[in-house]
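# Analysis of the macromolecular model
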Amino acid sequence: MRGFFALELLLVALLLPYWLYLFDVSPPPVLREVEVYAQDAAQLAMYGYRPNGTLAVWVDGVPSRACAYRFRYCTWRYFEGGEHQICAAECLP
């Protein structure tokens, strides 16, 4: 009987993160989409455009708009004679 309860404890320990994920009310950050947004924003910034909508963009640390966000992705691009850091984040509602 002793090993049986150890096995149950192991199953509970392994399944606990999944239960927490299922019953979490806040949506998880969508990391891949923000990375793609940042790459697109970097391409736009290279040509002098600034994206709008629910996306916040930072070019060399200067934000295009202030908003609350959960995850920010940054990339580097070489344009206008130097290397620039472009970051993007999806604003929370």
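Preceding this section is the structure that the text describes.
These lines cover the structure that appears in this document, whether it is placed above or below. A quick note: this is a predicted structure, and the numbers were derived from the prediction, not measured.

### Brief notes about the packing of aromatic side chains
Under the definition given, this model contains one aromatic pair. The ring of tryptophan 58 is capped by arginine 72, whose NZ or CZ atom sits 4.6 Å from the centre of that ring.

### Thoughts on the nonpolar core
Within the largest apolar cluster, ten residues are counted, these being Ala38, Ala41, Ala42, Ala45, Leu55, Val57, Val59, Phe79, Ile86 and Ala88. Contributions of two or more residues to this core are made by α2 (31–46), β1 (55–59) and β4 (82–91). Counting residues per element, this core draws most heavily on α2, which supplies four residues. Not counting chain neighbours up to four residues away, the residues in contact with phenylalanine 79 comprise Ala45, Met46, His84 and Ile86.

### Section: unusual backbone geometry
Within the chain, aspartate 60 stands out as a residue other than glycine whose phi angle is a positive 55°. Its location among the elements puts aspartate 60 in the loop between β1 and β2 (62–63). In this structure aspartate 60 comes out as partly exposed when scored by relative accessible area, which is 41%.

### A short note on the state of the cysteines
Using the criterion set out here, one finds two disulfides in the structure. The disulfide that involves cysteine 67 links it to cysteine 91, with 1.9 Å between the sulfurs. Its S-S torsion of about -75° marks the bond between cysteine 67 and cysteine 91 as left-handed, since a negative value means left-handed. Remark: cysteine 91 occurs in strand β4 and cysteine 67 occurs in the loop between β2 and β3 (69–79); sequence separation between them is 24 residues. Taking relative accessible area as the criterion, cysteine 67 reaches 24% and is therefore assigned partly exposed. The class for cysteine 91 is buried, based on a relative accessible area of 11%. For the protein chain, numbering the cysteines in disulfides from first to last along the sequence yields the connectivity 1-4, 2-3.

The rules behind these values
- Throughout this description, residue numbers start from 1 for each chain and increase along the sequence as written.
- Given that this is a predicted model, residues contribute local features only at a pLDDT of at least 70 and side-chain atom pairs are listed and counted only at 80 or more, while totals for whole chains, interfaces and linings are drawn from all residues.
- Remark: hydrogens and water are excluded; side-chain values derive from all non-hydrogen atoms of the structure.
- We call Phe, Tyr and Trp rings a pair once their centres come within 6.5 Å, taking the six-membered ring for Trp, and we label the pair stacked below 30 degrees between planes, edge-to-face above 60, and tilted otherwise.
- Here, a charge over a ring means that NZ of Lys or CZ of Arg falls within 6 Å of the ring centre while also lying within 35 degrees of the ring normal.
- We call a set of buried residues a nonpolar core when its members are Ala, Val, Leu, Ile, Met, Phe, Trp, Tyr or Cys and they connect through side-chain atoms within 4.5 Å of each other.
- Burial classes: relative accessible area under 20% of the type maximum marks a residue as buried, over 50% as exposed, and values in between as partly exposed (1.4 Å probe, protein chains only).
- The secondary structure listing takes helices from DSSP runs of H or I that are at least 4 residues long and strands from runs of E that are at least 2 residues long, numbered from the N terminus.
- Any pair of residues with heavy atoms lying within 4.5 Å of one another is described as a contacting pair.
- In what follows, a disulfide is any cysteine sulfur pair within 2.5 Å.

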